[in-house]
Amino acid sequence: MAVVEQVEGAPGERRRLRLSSPATLGPVGEIEVSVAEDVCAAVERARKVQPQWAATSFEERGRVLERAVKILIERQDEFLDAILGETGKPRTEALATEIVGACDALQFYAKRAKRILADRSIPLHLLKTKRLRIHYEPLGVVGIITPWNFPFLLALNPTAQALVAGNAVVLKPSEVTPASGELVAELFASAGLPEGLLHVVQGDGETGAALLESGVDKIAFTGSVATGRRVAETCGRHLIPCTLELGGKDPMIVCEDADLDRAARGAVFGAFSNSGQVCVS
């Protein structure tokens, strides 16, 4: 992840953050931190556009995602350069996890969203003369806060889910990988997503906290357990749903009849892939 240095401003004011490459320590750019007013303005702009998008069909939304796949494949080298600049990943690893994973996610939701969100009937045990039917409606504006370990994929995936379900999105990427978040917005804009439906707000925890308080209709958060608790508490206070994908380490079970050399190699790969910065290591 990029190294961040504050170059001007104080909390609550207009601040700028300077980023350096984790691999070379060379400069990779600066960002201006979005304050609460910026975040609320983005949410309101997204809210005005969202009803028109919600009125479109799954097929129309899916076509945007499918066009995004083609654009991503055509521009993969350009996208990889930006991702590598702020993460320092090996190019092959970034290609496999960020670009291929993103194409798979886009194609998956483009083809399956209609079936996943289709109306369905639920049988009732005692009330035989009654009918229960589940019908899905878009929530409105979804706030998405994403991490730095897979900055493009983990920003794109929840954004694609929210959009294909008919929602607008305000995305806050990690302050150490801001360019990868901007790539997501650029990709969808190039694929024909209506203007104003997806906004990116840049910044650190101050911006994330502002997004939680901005009046969004749902929060999707990927990050640490400690921050996830604060996100859940805030969403509970506002009575809005949240999706939390939090970090952790998983056990590895090696059976008695296993090839120990192969198991050991697998353990090392599983633990230290992406420098160990994997939530399912």
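Before any of the text, the structure's been laid out above.
Residues numbered from 1 in each chain as written. Predicted model: local features only at pLDDT ≥ 70, side-chain atom pairs only at ≥ 80, totals over all residues. Heavy atoms only, no water.

Peer 1: Help me understand the packing of aromatic side chains, please; the structure alone is not making it clear to me.
Peer 2: Each aromatic ring pair is specified by the distance between its two centres and by the angle formed by the two planes. Throughout the structure, instances matching the rule amount to 2 aromatic pairs. An angle of 85° between the planes, with centres 5.1 Å apart, marks the rings of Phe-108 and Tyr-109 as edge-to-face. For Tyr-109, a relative accessible area of 17% gives the class buried. The aromatic ring of Phe-58 is capped on one face by Arg-61, whose charged end is 4.9 Å from the ring centroid. (Phe/Tyr/Trp six-rings, centres within 6.5 Å; stacked < 30°, edge-to-face > 60°. Buried < 20%, exposed > 50% of the residue type's maximum accessible area, 1.4 Å probe, protein only. Lys NZ or Arg CZ within 6 Å of the ring centre and 35° of its normal.)

Peer 1: Help me understand the pairing of strand S2 (residues 16-20) in this model?
Peer 2: Consecutive side chains along a regular strand alternate between the two faces of the sheet. Direction of pairing for S2 relative to strand S3 (residues 27-32): antiparallel, over a ladder of 5 bridges. Counterpart to Arg-16 in the pairing with S3 is Glu-32. (Pairing = 2+ DSSP bridges. Helix = DSSP H or I, 4+ residues; strand = E, 2+ residues; numbered from the N terminus.)

Peer 1: Teacher, can you tell me more about the sheet that holds strand S9 (residues 218-223) here?
Peer 2: Two strands in a sheet stick together by hydrogen bonds in their backbones, pointing the same way (parallel) or opposite ways (antiparallel). One open sheet holds the 5 strands; their spatial order is S8-S7-S6-S9-S10, and the pairing between them is parallel. One side of each edge strand has no neighbouring strand; the edge strands of this open sheet are strand S8 (198-200) and strand S10 (242-246). Mean inter-strand twist for the sheet, computed between neighbouring axes without regard to direction, equals 10°. On the sheet, helix H7 (residues 205-212) packs against strand S6 (141-145), strand S7 (168-172) and S9 and is oriented at approximately 155° with respect to S6. Each of S9 and S10 is contacted by helix H8 (residues 225-238), which is oriented at about 170° to S10, the strand it contacts most. (Axes fitted to C-alpha atoms, helices over the stretch in contact; angles between N-to-C directions. Contact = heavy atoms within 4.5 Å.)

Peer 1: Looking at this model, I keep getting lost on a nonpolar patch on the surface. Mind explaining?
Peer 2: Residues Met-252, Val-254 and Leu-260 make up a contiguous nonpolar surface patch of about 300 Å² in total accessible area. Mapping Val-254 onto the fold places it in the loop between S10 and helix H9 (260-272). Accessibility expressed as a relative area gives 41% for Val-254, which makes it partly exposed. (Patch = residues over 30% accessible without salt bridge, like charges linked within 9 Å, V, L, I, M, F, W, Y side chains within 5 Å. Areas by Shrake-Rupley, 256 points an atom, 1.4 Å probe, with all protein chains shown as cover. Salt bridge = Lys/Arg side-chain N within 4 Å of Asp/Glu carboxyl O.)

Peer 1: Where do I start with the side chain of Lys-89 in this structure?
Peer 2: Looking at where Lys-89 falls in the secondary structure, it is placed in the loop between helix H3 (76-87) and helix H4 (91-116). A distance of 3.1 Å separates polar atoms of two side chains, one belonging to Lys-89 and the other to Asn-274. Setting aside anything within four residues of it in sequence, one finds Lys-89 in contact with Leu-84, Ala-94, Thr-97, Glu-98, Asn-149, Phe-150, Pro-151 and Asn-274. (Polar contact = N/O pair within 3.5 Å; in protein donor to acceptor, adjacent residues only side chain to side chain.)

Peer 1: Would you take a moment to explain the environment of Lys-48 for this structure?
Peer 2: Tracing the backbone through its elements, the reader meets Lys-48 in helix H1 (residues 36-54). What makes Lys-48 exposed here is its relative accessible area of 68%. Each C-alpha atom, one on Lys-48 and one on Ala-168, is 9.3 Å from the other, the two residues being 120 residues apart in sequence.

Peer 1: Is there a simple way to think about the environment of Val-64 in this case?
Peer 2: Tracing the sequence through the fold places Val-64 in helix H2 (residues 58-74). With relative accessibility at 3%, the residue Val-64 sits in the buried group. When neighbours within four sequence positions are excluded, Val-64 is seen to be in contact with Trp-53, Phe-188, Ala-191, Gly-192 and Leu-193.

Peer 1: I would appreciate a short explanation of the side chain of Arg-61 in the present structure.
Peer 2: Within the secondary structure, Arg-61 sits in helix H2. Buried and unpaired, Arg-61 has no salt bridge, with Glu-60 as the nearest side chain of opposite charge at 7.2 Å. Once you skip the residues sitting within four places of it in the chain, Arg-61 turns out to touch Trp-53, Ala-54, Thr-56, Leu-163, Val-164, Ala-165 and Gly-166. (Lys, Arg positive; Asp, Glu negative; His and termini not counted.)

Peer 1: I tried to follow the nonpolar core on my own but got confused; where do I start?
Peer 2: Taken as a class, soluble globular proteins show a tendency for nonpolar side chains to be buried jointly. Membership of the largest hydrophobic core comes to 64 residues, with the highest contact counts inside it found for Leu-106, Phe-152, Leu-187, Phe-188 and Ile-219. Considering every element that reaches this core, the biggest residue donor is H4, with 9 residues. Every residue in contact with Leu-106, bar those within four places of it in the chain, is listed here: Leu-65, Ala-68, Val-69, Leu-156, Ala-160, Leu-187 and Phe-188. (Core = buried A, V, L, I, M, F, W, Y, C linked by side-chain atoms within 4.5 Å.)

Peer 1: What should I look at first to understand the environment of Gly-203 in this one?
Peer 2: By the element assignment, Gly-203 lies in the loop between S8 and H7. Classification of Gly-203 by relative accessible area gives buried; the value is 0%. Each C-alpha atom of the pair Gly-203 and Asp-250 lies 30 Å from the other, and the pair is 47 residues apart in sequence. Once you skip the residues sitting within four places of it in the chain, Gly-203 turns out to touch Ile-31, Val-33, Lys-172, Pro-173, Ser-174 and Glu-175.

Geometry only, nothing functional implied.
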